[in-house]
Structure formats: structure tokens, C-alpha cells
Amino acid sequence: MGAMPRTEQSPAPGSTTRPDALNLVGVTKRLGRNEVLQGVDLRVGAGEIVALLGASGSGKTTLLRLVAGMLTPDSGQLTIGGRESAHLPPEARRLGFVFQDYALWPHLSAREHLTLVMGRAGAAQKARADTLLTTVGLAGLEVARPAQLSGGQRQRVALARALAVEPELILLDEPYSALDPVLRETLRGEVAALLRAEGRAALHVTHDPDEAMTVADRIIVLGGGKVLDDGPPERVYHSPATLGAARALGRLNELSAQVRGGEVSLGDWRAPAALPDGAAMVTVRWEHARAVRSHGAALQATFERDASMRGVTLSRFRLLDGPVVVAQRTTSYEPGEVVGLELAGVGVFSLEQSQPSTLWSVP
Ligand SMILES: Nc1ncnc2c1ncn2[C@@H]1O[C@H](COP(=O)(O)OP(=O)(O)OP(=O)(O)O)[C@@H](O)[C@H]1O
């Protein structure tokens, strides 16, 4: 078989031959004294929804500004729709934007927001604007101005406007953080379904792991200007590549432990760990630890108090050698009562190297 011809963007296995919506290779950016992005590789395939998840200060906004054309990378490549774009002006990049504050124009109707970005407001543009407004659930509100719309309706106008430019890629920057929790959950599901139906690619910036898990085909975790993990949501949640990624994906018990001779130990609790000898961190998500009335369990703890979280009863327990573990319980305990803890998914990160090595096990 002959060698495959080299193309500028290689399609992912199983995808169409459409070029990637976005591709960053080795992108660096310094702002003042800060190395804000340190060699970032990031890909959004055609029609793919990628969540960019990271704590405050991790570099999410800087990355978005580079993609949008408000900043230029110091080094590395940036292609949008297969086209080298690092030095293209923002208006030449074919991007749609949805921001948390909607960024609507107070004097324009919903329809005018769309026809303005489409160009001249002819009959064809008006018809297309109305179709898009219907698609996002705003039929009947075409002539309403932002002040006459609710928060959720304004965010739908912003989304329809982003779709109206027929973008290569839609950038969503914390798009639901100004909305109440119920509307946020409804809208994020609807928007993801709509983007998929329209075949639009999106880079969805958020610091909310639930949002990333719900909307994305893939999650990229950014921390300290570097990619800490990149993969399908379930994989990144259940076996994150780094301790930073484990933290970004949700509430985590972190317990200092030791690895010796291929085994990690935490009090009497032990598990095989093919990691270098020395300090390690055992991690267990709150929802993966469970208290049981078993005095034979390897991990013993005393009950301290409950902390109800959205209908799930989580409780604080203290291990006999000191640290607190948050775990689920199925029965009630008296303060000070000794219980056993079962761990349904454990991460072990060696702290002996600059990049922690990982081991995950699900008993
Ligand atoms: N103009 C600037 N000059 C110097 N440092 C900057 C500048 N802008 C941002 N930074 C630094 O770069 C780092 C990343 O900032 P960035 O705003 O990209 O993070 P973020 O992940 O978007 O955070 P948030 O979620 O809080 O918006 C931070 O440490 C910030 O202090």
C-alpha cells in the first residue's frame, strides 16, 4: 500500500474529511512576567463540542482571546478550519461568540441582532433569521428588544446570532453562569443538542465540571497554562491523567500515602501500585466513598457530621490516623461511632516526579 499523502490537517479516525475546526500546536503566550500558556496543543474536530475546563487563572480566557484574534501567540501554530490563522484579524476568522453577559445591543430587536451580522437585511436574511430564532425557541419574539426578554431568552438570541454567521467554530465563554441553576441545566442541554443538529463545532469554556460532563464530546483540562488532560468525559472523570485534572473534575478526598515495593498503603488499607517508592496521593471522589457498618474494613473512620448535597447525604468521617474523608452513608450514625469505609474508585498519584504518575483502580 502506498504512503498516504500528507494533508495540512489529518482527520480523526472515523470522522469526515472536513478539516479540524480548531487546531493549536505548541502555543505559548506570555503576558507581562507570566508564562500564561506554555506549549498548548488543543484540537476541536469538525462538529465536535469540546469543553475547556480549568480553575480561575488557568489560562482559559487567554486561550480564547488568542483563538478570537484579540491576542497573537508568541510561538506555535493556530489553524481555524484548516487555515493558518494566528495573524488573521478577528473578523476574518469565521467565529461565533456567546458570552456570559450576552453582549446584546439594547436598541436592536432579536431579529436585527441576526440580520446585522449576516450583512444586508434583505428578505432572504430576514427569513433565515426567523428560522434560526424559531430553532432556538424564540418564535414570536422576533421584534422584542433585550430589555423585553428574560435572561434565558437573551442567551438564546446570543446563540442564534453566533449561528447566523455560519461559523467554523463557536466560542462559548461561561455562557450560562449568569442564569439560575434550573434554566442553566435546561439551556445547556438544548444548546448542545442544537449545535449537534447543526453540525457546528464549539469550544465551551467553563469552570463547572458538571457542565463540561453534560455538554462535551471531549474535555480538555487546563491548569497553569498547560493541558493537564484531554479525553472523553467519562475517561477524564473516572481516570484522570494528572492530580490537577482529578481536582478539576469534582470533589475529591486527597489522602497522603506511601508507596513501598509496588504497594500503596494508607493505615491498614493497601493496594497494588506500580509506582516509584515514596510519597503518593490517594484520591477518592466523595461519591465513590461509602460508609459501612463493618469493623473488619481495612479503612476505619469515626463519623463526625452530615453535609447534605443536592439530595445525596454526604458525611464527614475522620480516619483513625487523622485526615477527614467525605463519603456517602446509607444509615445513620452517632458522632464518634466507628465505621468502615469502602472505596469504589481510587486514584494513586506518585508525587516523586514533577509530572505525577497515575494509577487508578476500581475494586
Ligand atoms: N494582561 C496580563 N498581564 C499579566 N498577567 C496576566 C494578564 N492577563 C492575565 N494574566 C495572568 O494569566 C493567568 C491566566 O489568566 P486567564 O484570565 O487566562 O485565566 P482564566 O482561566 O480565564 O481565569 P478566570 O476563570 O478567572 O477567568 C493568570 O495568572 C493571570 O493573572
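For the structure, see preceding data.
We now turn to the structure provided with this report.

1. With respect to the nonpolar core
Nonpolar side chains in soluble globular proteins tend to end up buried together.
Piece 1. Ranked by size, the top nonpolar core spans 90 residues in total, and within it Leu52, Ala160, Leu169, Leu203, Val221, Val282 and Leu341 carry the most contacts.
Piece 2. By residue number, the principal contributor to this core is helix α4 (residues 151–164), which donates seven residues.
Piece 3. A domain split of this core shows at least three residues from each of domain 1 (22–238) and domain 2 (251–361).
Piece 4. Each residue touching Ala160, except ones within four places of it in the same chain, is listed here: Leu114, Leu132, Leu133, Val136 and Leu138.

2. Examining the site of the ligand
Piece 1. In the vicinity of the ligand lie 13 residues, with Gly32, Ser56, Lys60, Thr61 and Thr62 positioned nearest.
Piece 2. Among the elements of the structure, β2 (34–44) and α1 (60–68) are those that each provide at least two residues to the shell around the ligand.
Piece 3. Here the shell around the ligand gets three residues from one element, more than from any other, and that element is α1.
Piece 4. Its residues assigned to classes, the shell around the ligand shows two nonpolar, ten polar and one charged.

3. Some points on the pairing of strand β9 (residues 218–223)
On any regular strand, side chains alternate: one points to one face of the sheet, the next to the other face.
Piece 1. Within β9, five of the six residues are buried, leaving the element largely enclosed by the surrounding structure.
Piece 2. Here strand β3 (residues 49–53) runs beside β9; their pairing, made up of four bridges, is parallel. Directly across from Val50, in β9, lies its bridge partner Arg218.
Piece 3. Across five bridges, β9 lies against strand β10 (residues 226–231) in antiparallel orientation. Counted as the bridge partner of Ile219 is Gly231 from β10.
Piece 4. What sits between β9 and β10 in their antiparallel hairpin is a turn of two residues, with Gly224 showing a positive phi close to 55°.

4. What about the packing of helix α2 (residues 110–118) against α4?
Piece 1. The geometry of α2 relative to α4 is characterised by a closest axis approach of 9 Å and an angle of 20° between their N-to-C directions. With respect to their mutual orientation, α2 and α4 come out roughly parallel. Crossing of α2 against α4: the hand is right-handed. Contacts from Ala110, His113, Leu114, Val117 and Met118 of α2 reach α4 at Val157, Ala160, Arg161 and Ala164.
Piece 2. The class makeup of the residues in the contact of α2 with α4 is seven nonpolar, one polar and one charged.

5. Things to note about the sheet that holds β10
Piece 1. Strand order across the open sheet formed by six strands is β6-β7-β8-β3-β9-β10, with mixed pairing between neighbours. The two strands at the open ends of the sheet, each matched to only one other strand, are β6 (95–99) and β10. Adjacent strand axes in the sheet meet at a mean angle of 20°, parallel and antiparallel pairs treated alike.

6. Thoughts on the sheet that holds strand β5 (residues 83–84)
Piece 1. What the four strands build is an open sheet, ordered β2-β1-β4-β5; its pairing is antiparallel. Either end of the sheet is taken by a strand with one partner, and the two such strands are β2 and β5.
Piece 2. Of the pairings in the sheet, the one linking strand β1 (residues 22–31) to β2 comprises eight bridges and is antiparallel in character. Along β2, the bridge assignment pairs Val27 with Val40.

Cut-offs applied
- Residues numbered from 1 in each chain as written.
- Predicted model: local features only at pLDDT ≥ 70, side-chain atom pairs only at ≥ 80, totals over all residues.
- Core = buried A, V, L, I, M, F, W, Y, C linked by C-beta atoms within 7 Å.
- Buried ≥ 20, exposed ≤ 12 C-beta atoms within 10 Å, placed from the backbone.
- Helix = DSSP H or I, 4+ residues; strand = E, 2+ residues; numbered from the N terminus.
- Domains from an automatic or database assignment.
- Contact = placed C-beta atoms within 7 Å.
- Near = placed C-beta within 6 Å.
- Nonpolar A, V, L, I, M, F, W, Y, C, P; charged D, E, K, R; others polar.
- Pairing = 2+ DSSP bridges.
- Axes fitted to C-alpha atoms, helices over the stretch in contact; angles between N-to-C directions.
- Parallel < 35°, antiparallel > 145°, perpendicular 65-115°, else oblique.
- Left-handed = near helix turned anticlockwise from the far one by under 90°.

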